[in-house]
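Examining the three-dimensional arrangement
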Number of protein chains: 2
Amino acid sequence: MITKGVKRYPLSKQVADKLEEMIELGEYQVNAKIPTEAELMKMFEVSRNTVREAVQSLTSAGVLEVRQGDGTYVRSSNRFRANMNLKYAQVSLEDIREARNAIEVSVANLAAQRSDEKDLALIEKKLKKRKLLQEDSKENTLADIEFHMAVAQASHNTILIDLYESLATYLENHISTRQTETLLDWQKIDQLHEDLFIAIKNHEPIKAIHCTQAILNI
Amino acid sequence: MITKGVKRYPLSKQVADKLEEMIELGEYQVNAKIPTEAELMKMFEVSRNTVREAVQSLTSAGVLEVRQGDGTYVRSSNRFRANMNLKYAQVSLEDIREARNAIEVSVANLAAQRSDEKDLALIEKKLKKRKLLQEDSKENTLADIEFHMAVAQASHNTILIDLYESLATYLENHISTRQTETLLDWQKIDQLHEDLFIAIKNHEPIKAIHCTQAILNI
DNA sequence: ATCCATTTGTGCGTATGTATC
DNA sequence: CGATACATACGCACAAATGGA
């Protein structure tokens, strides 16, 4: 009597998801003013209450900022970024590499010990996605983060997953920068990700750690 | 119609405050069912939407729990405690130890390589403060976090400092729990913190790492 | 096992207050 | 000041979940 297969998907959440997606895709830039509630009503063909609920949820997530009598503005294009007051200027690639090293080595170690079939399926899925998108830097960056996030999930450690999500903000910048600034041996990178997956799958923590360090030191 | 003073005091917030007060005073006990929305409407002479807004705010604060088709129940009589329980419910001590290990080992390593006089002075200051407060668990917990935060600062890695701050939230709970649940060898802990400081001061990364691991594995 | 009353969830329309430009 | 835009509040209707008859 527990579950009922059908998921509910309230209108307000649909609108919120759609809005967030548009913001992430750059339809509405940071600091830009989004359409008024009345316009959003027409755009999504919903009532004002529904629009307001959607806007409120994005506001509490730190994505939007509402100013009464003025309008609603985009505060952050990424809800993870919204939770951190970061100073990209002071962040060096070396900083990011060190932080990745700290988190990812531990995560790989734990993932190799604890991953179950579900975890492995997700990691493999992201691994394949990563391969296919290898040429496109934007999508590849996101796919790469998704892969490592899947590994983090497999660690089954809530806090490390949490910390990795915070780190993802920096990662997005890191990986794409590295792509543009240096010539990469894509085959080797690909192989290392594959090796990492296999090490996790075979529950070989030491090997997983080595693969992770190799990936970070390319 | 309510008076309008200088400050705005929305009806929904009035209802929420009143409800929370009643709960704190024991009018509605923990696990008890509070009146239905319809009854609350009559009780406060407001609309259902207003009632629902109030209930929702208390729900997100962890004070109430709503079950569709059943009713609304008191989850906690104190919203502060509610947040703590909510946040740390799924986090095990092992999770926290693993996360600390990931961050602090890296941080100790870097701090031993990069610490300057200013860093060392701060760490030493926190070290002394920690000693003095050893008996008092509350203040000692905070002092301990301050000490490790000072070490993080000495790593000169903005991201790791940032991640450690996130971790500090969990740490506060971790350390105090450990204090109450196990008998600790205070002299040894004290000595290890002292050793860590000296290792950082003498720029001995390996030794700093070992001290950190020893502290975490007590 | 089914039906049904109760209770919360979602959504709409409207009216009025308040802040900003 | 007026126009615009968000804030608050009410009432209504129907959907979905729960629990008991």
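Remember, predicted model here, so these are calculated numbers, not experimental data.

Notes on the protein's contact with DNA strand D
- Surrounding DNA strand D, one finds 22 residues, the nearest of these being Pro 10, Leu 11, Ser 47, Thr 50 and Gly 69 of chain B.
- Those elements giving two or more residues to the surface near DNA strand D turn out to be strand 3 (71-74) of chain A together with helix 1 (11-24) and helix 3 (48-60) of chain B.
- In terms of residue count, helix 3 of chain B provides more of the surface near DNA strand D than any other element does, three residues in total.
- Its residues assigned to classes, the surface near DNA strand D comprises four nonpolar, eleven polar and seven charged.

A closer look at unusual backbone geometry
- Notably, Glu 45 of chain A is not glycine yet its phi reads approximately 55 degrees, a positive angle.
- Note on placement: Glu 45 of chain A falls in the loop between helix 2 (37-44) and helix 3 (48-60).

Some thoughts on the sheet that holds strand 3 (residues 71-74) of chain B
Residue and element names in this part refer to chain B.
- Reading across from one edge, 1-3-2 is the order of the three strands in this open sheet, with antiparallel pairing throughout. Among the strands making up the open sheet, the edge pair consists of strand 1 (33-34) and strand 2 (64-67).
- Pairing analysis gives two bridges linking strand 1 to strand 3, with the strands arranged antiparallel. If you follow Ile 34 over to strand 3, its bridge partner there is Thr 72.
- This element, helix 3, spans strand 2 and strand 3 of the sheet and lies at about 115 degrees to strand 2.

So, the protein's contact with DNA strand C
- With respect to spatial proximity, 22 residues lie near DNA strand C, and among them Leu 11, Ser 47, Thr 50 and Gly 69 of chain A together with Thr 36 of chain B are the closest.
- When contributions to the surface near DNA strand C are tallied by element, the ones reaching two or more residues are helix 1 (11-24) and helix 3 of chain A together with strand 3 of chain B.
- Examining the composition of the surface near DNA strand C, we find that three residues originate from one element, helix 3 of chain A, more than from any other.
- Considered class by class, the residues forming the surface near DNA strand C number four nonpolar, eleven polar and seven charged.

What about the pairing of strand 3 of chain B?
Residue and element names in this part refer to chain B.
- Here strand 3 shows a buried face lined by Thr 72 and Val 74 and an unburied face lined by Gly 71 and Tyr 73.
- In this sheet, strand 3 lies alongside strand 2 in antiparallel orientation, the contact comprising four bridges. Note on strand 3: the bridge partner recorded for Arg 67 is Gly 71.

Looking at the sheet that holds strand 3 of chain A
All names here are of chain A.
- The strand order across the open sheet built from three strands is 1-3-2, with neighbouring strands paired in antiparallel fashion. Whereas interior strands pair on both sides, the edge strands pair on one side only; in this sheet they are strand 1 (33-34) and strand 2 (64-67).
- Sheet strands in contact with helix 3 are strand 2 and strand 3, and its direction is about 115 degrees off that of strand 2.

Side note on the interface of chain B and chain A
- Across the contact, 20 residues belong to chain B and 21 residues belong to chain A.
- Of all the secondary-structure elements, those providing two or more residues to the side of chain B that touches chain A are helix 5 (93-114) and helix 8 (158-181) of chain B.
- Broken down by element, the residue count for the side of chain B that touches chain A peaks at nine residues, all from helix 5 of chain B.

Parameters and conventions
As a convention, each chain's residues are numbered from 1 in the sequence order in which they are written. Written order determines the labels here, with chains lettered from A and ligands numbered from 1. In keeping with the model being predicted, local features are shown solely for residues with a pLDDT of at least 70 and side-chain atom pairs are shown and tallied solely at 80 or more, while totals for entire chains, interfaces and linings include all residues. We count a residue as near a molecule or strand when its backbone-placed C-beta atom lies within 6 Å of that partner. The numbering of helices and of strands both runs from the N terminus, where a helix is a DSSP run of H or I of at least 4 residues and a strand a run of E of at least 2. The nonpolar class holds Ala, Val, Leu, Ile, Met, Phe, Trp, Tyr, Cys and Pro. Asp, Glu, Lys and Arg form the charged class, and all remaining residues, Gly among them, are polar. In short, DSSP must find at least two bridges between two strands for them to pair. By the convention adopted here, residues are in contact when the distance between their C-beta atoms, placed from the backbone, does not exceed 7 Å. A fitted line through C-alpha atoms serves as each axis, taken over the contacting stretch for helices, and the angle formed by two N-to-C directions is quoted from 0 to 180°. Once C-beta atoms are placed from the backbone, each residue is buried if 20 or more other C-beta atoms lie within 10 Å of its own, exposed if 12 or fewer, and partly exposed for counts between those two.

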